[in-house]
Amino acid sequence: MARSSTTKLAAAVLLPVLVLLRPAAAAAAVSAHLRVHMHDVTGGASPTSERLLNGPTAGSSFGNTQVIDDALTDAASSAEVGRAQGFYMVASTAGLEFLVTMNVVLTAGPYNGSSLAVLGRDDVAVAVRELSVVGGTGQFRMARGYVLWRTITPEILDLEIFVNPPSSSS
Ligand SMILES: *[C@@H]1O[C@H](CO)[C@@H](O)[C@H](O)[C@H]1NC(C)=O
């Protein structure tokens, strides 16, 4: 009887401690669904997308690389919510298939100050491309996810970004 009450006491003391420790060990990831337009302005007075490198072979676009600091606007409200900063390179000898490497830097809205690292393949011949969200900072620290990428006009891309989607099994 004494032993049983000692066990109960130990459980009463230890269980709340274990429950308190748990959230730190398994912090819930922020899930987000963002839909933005990326303005890849390659000409005019203030381009945000400029040729950084020309590929090695004349007459071929293979290796051509563009550095970008493109405005991102909310697809619904058109308000600027951030920038897409990075580069994309033609990584195919056959066509316009880009390797995209960029940070999605959010500067307004609920995720202001957070960022996402996006890496992936953009084959412009495909209507909807899928790129990877490989990480993030701030509210998006340790993020995983994907981007559905569509062309609206040659200089406006539609990006639907799924961050830590609830269906993700990882
Ligand atoms: C975003 O956050 C920065 C830094 O906290 C702040 O200065 C800025 O006003 C915020 N922008 C918007 C649009 O909320």
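Residues numbered from 1 in each chain as written. Predicted model: local features only at pLDDT ≥ 70, side-chain atom pairs only at ≥ 80, totals over all residues. Heavy atoms only, no water.

Pairing of strand S3 (residues 65-74) with strand S4 (residues 80-90) involves nine bridges; the strand directions are antiparallel. Among the inter-strand pairings, aspartate 70 is bridged to a residue of S4, identified as alanine 84. Two successive antiparallel strands, S3 and S4, enclose a turn made up of five residues, where serine 78 displays a positive phi of approximately 70°. Direction of pairing for S4 relative to strand S5 (residues 97-106): antiparallel, over a ladder of nine bridges. From the neighbouring strand, methionine 89 faces S5, where its bridge partner is leucine 99. The antiparallel pairing of S4 with S5 creates a hairpin that spans six residues between the two strands. (Pairing = 2+ DSSP bridges. Helix = DSSP H or I, 4+ residues; strand = E, 2+ residues; numbered from the N terminus.)

Right, let's get into a nonpolar patch on the surface. A surface patch of nonpolar side chains, about 540 Å² in accessible area, is lined by Leu52, Leu53, Val67, Phe87, Leu99, Leu119 and Val134. As for its position among the elements, leucine 52 is in strand S2 (residues 49-53). On the basis of relative accessible area, leucine 52 is assigned to the exposed category, the value being 52%. (Patch = residues over 30% accessible without salt bridge, like charges linked within 9 Å, V, L, I, M, F, W, Y side chains within 5 Å. Areas by Shrake-Rupley, 256 points an atom, 1.4 Å probe, with all protein chains shown as cover. Salt bridge = Lys/Arg side-chain N within 4 Å of Asp/Glu carboxyl O. Buried < 20%, exposed > 50% of the residue type's maximum accessible area, 1.4 Å probe, protein only.)

What follows covers the site of the ligand. Every residue close to the ligand is listed here: Thr107, Ala108 and Asn112. Note that a nitrogen atom of the ligand is positioned 3.4 Å from one of the backbone N or O atoms of threonine 107. Contact between the ligand and asparagine 112: an oxygen atom at 2.3 Å from a side-chain N or O atom of the residue. If the ligand stood free it would expose 360 Å²; the protein chains cover 23% of that surface. (Near = heavy atom within 4 Å. Polar contact = N/O pair within 3.5 Å; in protein donor to acceptor, adjacent residues only side chain to side chain.)

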